[in-house]
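Read off the chains here:
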Amino acid sequence: MAIQGVHKIVVGVRDQDRAKRFWSEVVGFEITTDVPYDDKGNRWGEITSADGVTSLVLSTAPEDLKRFEVRDELPTGNFFFYADDIEKTYEELSAKGVEFSARPEKQPWGWWAMFTDSEGNRFALQEKNPTS
């Protein structure tokens, strides 16, 4: 029984509905869970990647809204998204209004870019095969 990968990642958001719209309507993830989980009006919201492997838990909990040291040249998320064709993905998402603070660029470890979600989180994007 080996660990096989990452399944869910918590992402802090200020506005869960706005974040759900961004990730589903713009990026193309599917809303897979949206249910209340307490009597204070909090909701458990999950969106799942197109390949069905990874879910983002969109959390408004104060502890999940904390950011790493914010520096313009670095992502605030501590994980990388991937795409099969980073340049095509960049063009498609840019056309939908997604802001990229780093356009696709070949680095010694492979192609990468950085985009910002509706909540101000910055995420790294890398080609699935980083050696190409």
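Given the structure is predicted, the values throughout are model-derived calculations rather than measurements.

Trainee: What exactly am I supposed to notice about the sheet that holds strand β7 (residues 110-116) here?
Mentor: Backbone-to-backbone hydrogen bonds pair the strands of a sheet. The strands run either parallel or antiparallel. Taken together, the 4 strands give an open sheet; going across it, the order is β5-β8-β7-β6, and neighbouring strands pair in mixed fashion. Lying at the two open borders of the sheet, with one neighbouring strand each, are β5 (80-83) and β6 (99-107). Across this sheet, the average inter-strand angle for adjacent strands is 25 degrees, counted without regard to direction. In this sheet, strand β8 (residues 122-127) lies alongside β7 in antiparallel orientation, the contact comprising 5 bridges. Counterpart to Met-114 in the pairing with β8 is Ala-124. Against the sheet, helix α3 (residues 86-95) contacts β5, β6, β7 and β8, and its axis sits at roughly 170 degrees relative to β6.

Trainee: It is not clear to me how the pattern of salt bridges should be interpreted in this structure. Could you clarify?
Mentor: Side chains that differ in charge, positive against negative, can pair when their charged atoms come close. A full pass over the atoms with the stated rule returns 5 salt bridges. Between Arg-18 and Glu-119 there is a salt bridge whose closest N-O contact spans 2.7 Å. Within this pair, whereas Arg-18 is found in helix α1 (residues 16-26), its partner Glu-119 is found in the loop between β7 and β8, the two being separated by 101 residues in sequence. When its relative accessible area of 32% is taken as the criterion, Arg-18 is described as partly exposed. Where Arg-43 meets Asp-34, a salt bridge forms, and the shortest distance between an N and an O atom there is 2.8 Å. Within this structure, Asp-17, Lys-20, Asp-34 and Arg-43 form a network of salt bridges that share partners.

Trainee: Explanation requested: a negative patch on the surface in the structure shown.
Mentor: On the surface, a cluster of negative charge is made up of Asp-84, Asp-85, Glu-87, Glu-91 and Glu-92. Checked against the element boundaries, Asp-85 lands in the loop between β5 and α3. Note on Asp-85: relative accessible area 35%, which makes it partly exposed.

Trainee: Looking at this model, I keep getting lost on the pairing of β7. Mind explaining?
Mentor: Within β7, 6 of the 7 residues are buried, which leaves it mostly tucked inside the rest of the structure. Taken together, β6 and the strand that follows it, β7, pair antiparallel across an intervening segment of 2 residues. Hairpin remark: β7 followed by β8, antiparallel, with 5 residues in the connecting loop; positive phi at Gly-120, about 90 degrees.

Definitions and cut-offs
Residues numbered from 1 in each chain as written. Predicted model: local features only at pLDDT ≥ 70, side-chain atom pairs only at ≥ 80, totals over all residues. Heavy atoms only, no water. Pairing = 2+ DSSP bridges. Helix = DSSP H or I, 4+ residues; strand = E, 2+ residues; numbered from the N terminus. Axes fitted to C-alpha atoms, helices over the stretch in contact; angles between N-to-C directions. Contact = heavy atoms within 4.5 Å. Salt bridge = Lys/Arg side-chain N within 4 Å of Asp/Glu carboxyl O. Buried < 20%, exposed > 50% of the residue type's maximum accessible area, 1.4 Å probe, protein only. Patch = residues over 30% accessible without salt bridge, like charges linked within 9 Å, V, L, I, M, F, W, Y side chains within 5 Å. Areas by Shrake-Rupley, 256 points an atom, 1.4 Å probe, with all protein chains shown as cover. Lys, Arg positive; Asp, Glu negative; His and termini not counted. Charge placed at Lys NZ, Arg CZ, Asp CG, Glu CD.

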